[in-house]
Amino acid sequence: MSSLRKHIVSIISFVSLTMETSLNAQIQNEFEERDPIVVAIMSDSVAQGVWADSELGAPGINFYFELIRTDLVSKMLEAFTGFKTSDLSDADRYSRMMDRHFAYSTRRSYSALLGNQEYSLPKRISALTGRGVELVDTSFFAGCFHLSPLNLKRLASYMKKHPEQKDPDLVVVSFSGMDFIFNSPIGDFEADVRALFSNIVLKYPSTNIVVTPLADVVSLMSSSLAKVTIPGHLLFPTLTCADYYKRIGIGSLVGIRPGVSEDHLLELREKIDVMNAIIARELGGMAARLNPYQDYRGRALGVAKIEPPIGPWSDYLSPDCFHPNINGQKAFGDLIWGRVREIFAAH
């Protein structure tokens, strides 16, 4: 073979190899663009849509039946295990028992974070990006920063089963207020917040993070105490929100009950403000790449204050006077979408 012919063959081989490499890269890019967006949800029973299809003051017949079941299960648990649904002194046990025995109250399809409604996060992300969404649901009853190692464990389990997924595209951290309800000391809360965010960043340095503040449960509860949530019906007595809070222990550790003084409520609001300032400070540290976030490459955004868009809290609550009804889930979905949209619009 002449040197000219060898040169021509070499050029053809190089061009063929280049075209093949380019085609493979194009196919890979198209494949990646079609891959579902992986969204991990670290949250609590609000994300699970507990009793979202009922309203405070107008619970509906299904809620009455489930209330009978709740009373029966509660009595059996106390008789056979000693667990009282009104005892929040052990956060870990309370969470495990509630998650294990009262899951029938969940309504995930109505959830702002996990549901399939037009206001739900998966629907909105898919509509904006044109891609499917794969949810990694790590939420559980009474989820909070203090118990977040379980969220991390569940996310790690998913990632281990999907080694091709480098980092989740988005992690949503949304704990409504159980750290406050469990009366966590400020020092412990600060350590729990730092531990969760530093672990996320260490394990998934490229993931984007959207974080909601704790809700103002002081205003939510104190403004609802006298509201009639379950009108008397057949064998059921009339129940106010104060009655229901007592049944499930919500407010017992922080002293929100009928007759609570304005001075005490002011102290509680100040504590929530401090807790939210701690969350905001960690987000600022991530944005500035301060220690321990110096290797973080994603975006971390905080959501605005969680409060009713219009009217009283009671308009947005389920009959347990704590979890959001459908209107509440929609309002929450609108609020969090404002931040999540920033993440995906940037791409």
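Residues numbered from 1 in each chain as written. Predicted model: local features only at pLDDT ≥ 70, side-chain atom pairs only at ≥ 80, totals over all residues. Heavy atoms only, no water.

Some remarks on the pattern of salt bridges
No. 1: For the structure on display, the rule yields twelve salt bridges.
No. 2: The shortest N-O distance in the salt bridge between Glu342 and Arg299 comes to 4.0 Å. On the criterion of sequence distance, the pair formed by Glu342 in helix 11 (residues 326-345) and Arg299 in the loop between helix 10 (262-287) and strand 7 (300-302) is long-range, its members being 43 residues apart.
No. 3: Since its relative accessible area comes to 31%, Glu342 is described here as partly exposed.
No. 4: Residue Arg299 is classed as partly exposed on the basis of its relative accessible area, which comes to 35%.
No. 5: The network of salt bridges with shared partners includes Asp53, Glu66 and Arg107. (Salt bridge = Lys/Arg side-chain N within 4 Å of Asp/Glu carboxyl O. Helix = DSSP H or I, 4+ residues; strand = E, 2+ residues; numbered from the N terminus. Buried < 20%, exposed > 50% of the residue type's maximum accessible area, 1.4 Å probe, protein only.)

What about the side chain of Ser45?
No. 1: Here Ser45 shows up in the loop between strand 1 (37-43) and helix 2 (61-81).
No. 2: Residue Ser45 is classed as buried on the basis of its relative accessible area of 8%.
No. 3: A polar contact of 2.6 Å, which involves the side chain of Ser45, links it to the side chain of His323.
No. 4: Not counting residues up to four positions away in its chain, the partners in contact with Ser45 are Val50, Phe140, Phe141, Ala142 and His323. (Polar contact = N/O pair within 3.5 Å; in protein donor to acceptor, adjacent residues only side chain to side chain. Contact = heavy atoms within 4.5 Å.)

Notes on the state of the cysteines
Where two cysteines share a covalent bond between their sulfur atoms, that bond is called a disulfide.
No. 1: According to the stated counting rule, one finds one disulfide in the structure shown.
No. 2: Through a disulfide, Cys241 is tied to Cys321; the S-S separation comes to 2.1 Å. Its S-S torsion of approximately -80 degrees makes the covalent link between Cys241 and Cys321 left-handed. Here Cys241, found in helix 9 (residues 241-248), pairs with Cys321, found in the loop between strand 7 and helix 11; they are 80 residues apart in sequence, far enough to count as distant. With respect to burial, Cys241 and Cys321 carry one shared label: buried. (Disulfide = S-S within 2.5 Å.)

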